[in-house]
Amino acid sequence: MITPNIDQLAKRGIKFNQVFAQQAVCGPSRTSLLTSRRPDTTFTYDQHTFWRTFAGNFRTLPQHFKESGYYTVSVGKVFHPGKASNMTDDYPYSWSQEPYHPSTQQYKMAKVCPSPDGKLHMNLVCPVKVDSQPESTLPDIQSMQYARDFLKHFATTYDSENCVKPFFLAVGFHKPHIPLKFPLEYLDLYPLSSVSLAPDPRYPSDMPPVAWNPWMDLRKRDDVKNYKVSFPYGELPEKFQREIRQGYFASISYMDDLVGQLLGTLEETGFASNTLVVFLGDHGWSLGEHQEWSKFSNFEVALRVPLLISIPHITDLIDGFRQPFSYVPVMRNTFEKENNSTVALKESYREVNELVELVDLYPTLAELAEIPLVPLCPLISNETDFCTEGSSLKPLIDKAVYATTSLEDSISWKSAVFSQYPRPSVQPMKISDSPELNDIHIMGYTMRTDKYRYTEWMDFDPKTLKANWTSVHAQELYLHEDDPLEDHNKAGFREYKKLVANLSKQLREGWRAELPKVQ
């Protein structure tokens, strides 16, 4: 993947390698990470439920910074827009000013993609000439420009004490979310002849049907419709699979260029020397693995996410000197191959390999910014406005930065992380990917340990919002040392019966039993 600017950020920060979302779909995942509560606490399993009115008046991550004296700004997709954030992106609770959304996002479902027939279509893969698009721009370009303008303006703004007011700026780029709409030239970075299929592009024989994601969001797109793929298990043609993967990779490089421009402006305005920078995703995405596409599942490829944290004067020092950010134009530099500084980036990552969850981010940032620490939530926390169901990553950061060996002596880190996904039924339906709350009758709970992924799919009552742990429809067990792609479900094998029983018990004990324990 060609991402020189994200690589640069990784060099100046810490790269967390085992980070997992709590649900592999935008709204529930974003609500979870921004409240530091899990879906069974926010009751947000779909894109239509607002936690404040349905679960509790929980203080969010940006709200905590706002109430601690920060000026908080939302640009692009931060909260999931629409009903999941009360049609306001949780303004004014979380934000000091009205959130910004790019005007061209309205064309997400529009026929704006040039196609071989000479007409415009609503395609999945949509490389474009930017100046030919509505408003002659794209959503993420607009968001990047708005964020850069904010930084430039804020650099000249002082409070009554003539001190720069602290800010919390959240910039949500849409790419590589579908449609895969990006400037045409980024295709040149990934010649189709060099793009392979997924390493495991076939439906695994032992996958239970309830685990299947029929990728209905892709089926709505005109270029996908052209292939008349049967529901639910039909395969896309191999050439088109490669084109999707090519478009996804190109979208990431396009987004990387925008990240670089934003980091360059952060440096130019003087803010980079005292600003924490976090880069993350809200869920993963299947690119043909298991014959699946999109998110909407409990597999590793849908749940695992990137996370980088850069701390000025701590993670960005080389020989005692802070290394500034600089914008690396992706298209201009790629064909020169990587210069020495880029090669150096890849050789000097600080990495954390412990298991991490997105609910851990909120308490981590509070501790790093030295604002009030976030207490652990009580067992029933719907009446508790300020608490976390995660753990601060500060001990792991200290270990990575200072190369300490004392972490194991003072703290026992969590040995499992937890996620979940709802389904309307055991067999795939056209609403299986994104069932609304009243249609959820199955809940799949999954647990990732260092060696295993274990999942149980069970009955769920949408009225009581409770799972029936005695009515399990399917189990999945994947041995990550031998099967990192999760292709061979061992749950039904006699030789793993004891292991399944132990993992089932651990899954039922849940996340509280896995909290880090101070010795």
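Our subject is the structure listed above.
In this text, all values refer to a predicted model and were calculated from it rather than measured experimentally.

Participant: Whenever I open this one, helix α9 (residues 238-268) confuses me. Can you help?
Facilitator: Note on helix geometry: an α-helix contains 3.6 residues per turn, so any two residues three or four positions apart are oriented the same way. Given a rise of 1.5 Å per residue, 31 residues ought to cover 45 Å, and the 45 Å separating the end C-alpha atoms of α9 matches this to within 8%. Buried residues dominate α9, accounting for 26 of its 31 residues. The positive-phi residue at the C-terminal boundary of α9 is G270, with phi of around 85°.

Participant: What's the story with the state of the cysteines in this structure? I'm lost.
Facilitator: According to the stated counting rule, one finds 2 disulfides in the structure shown. The disulfide partner of C113 is C126, and the S-S distance across this bridge is 2.2 Å. Between C113 and C126 the disulfide shows an S-S torsion of about -105°. By sign, it is left-handed. Highlighted residues: C113 in strand β3 (residues 113-114) and C126 in strand β5 (residues 125-128), separated in sequence by 13 residues. Note on cysteine connectivity: C377 is disulfide-linked to C387, with sulfurs 2.0 Å apart. Disulfide C377-C387: the torsion about the S-S bond is 90°, which places it as right-handed. Here C377, found in the loop between α13 (361-368) and α14 (394-402), pairs with C387, found in the loop between α13 and α14; they are 10 residues apart in sequence, far enough to count as distant. Given a relative accessible area of 3%, C377 falls into the buried group.

Participant: Whenever I open this one, the sheet that holds strand β17 (residues 416-423) confuses me. Can you help?
Facilitator: Picture the strands of a sheet paired through backbone hydrogen bonds; they go either parallel or antiparallel. Strand order in the open sheet formed by 4 strands is β17-β18-β19-β20, and the pairing between neighbours is antiparallel. Taken across any chain shown, the strands that pair with only one partner, and hence form the sheet edges, are β17 and β20 (466-479). Neighbour to neighbour, the strand axes of the sheet diverge by 20° on average, direction disregarded. Of the pairings in the sheet, the one linking strand β18 (residues 442-449) to strand β19 (residues 452-461) comprises 7 bridges and is antiparallel in character. Bridging from a neighbouring strand, I442 pairs with D459 of β19.

About the criteria used
- Residues numbered from 1 in each chain as written.
- Predicted model: local features only at pLDDT ≥ 70, side-chain atom pairs only at ≥ 80, totals over all residues.
- Heavy atoms only, no water.
- Helix = DSSP H or I, 4+ residues; strand = E, 2+ residues; numbered from the N terminus.
- Expected span 1.5 Å × (residues − 1).
- Buried < 20%, exposed > 50% of the residue type's maximum accessible area, 1.4 Å probe, protein only.
- Disulfide = S-S within 2.5 Å.
- Pairing = 2+ DSSP bridges.
- Axes fitted to C-alpha atoms, helices over the stretch in contact; angles between N-to-C directions.

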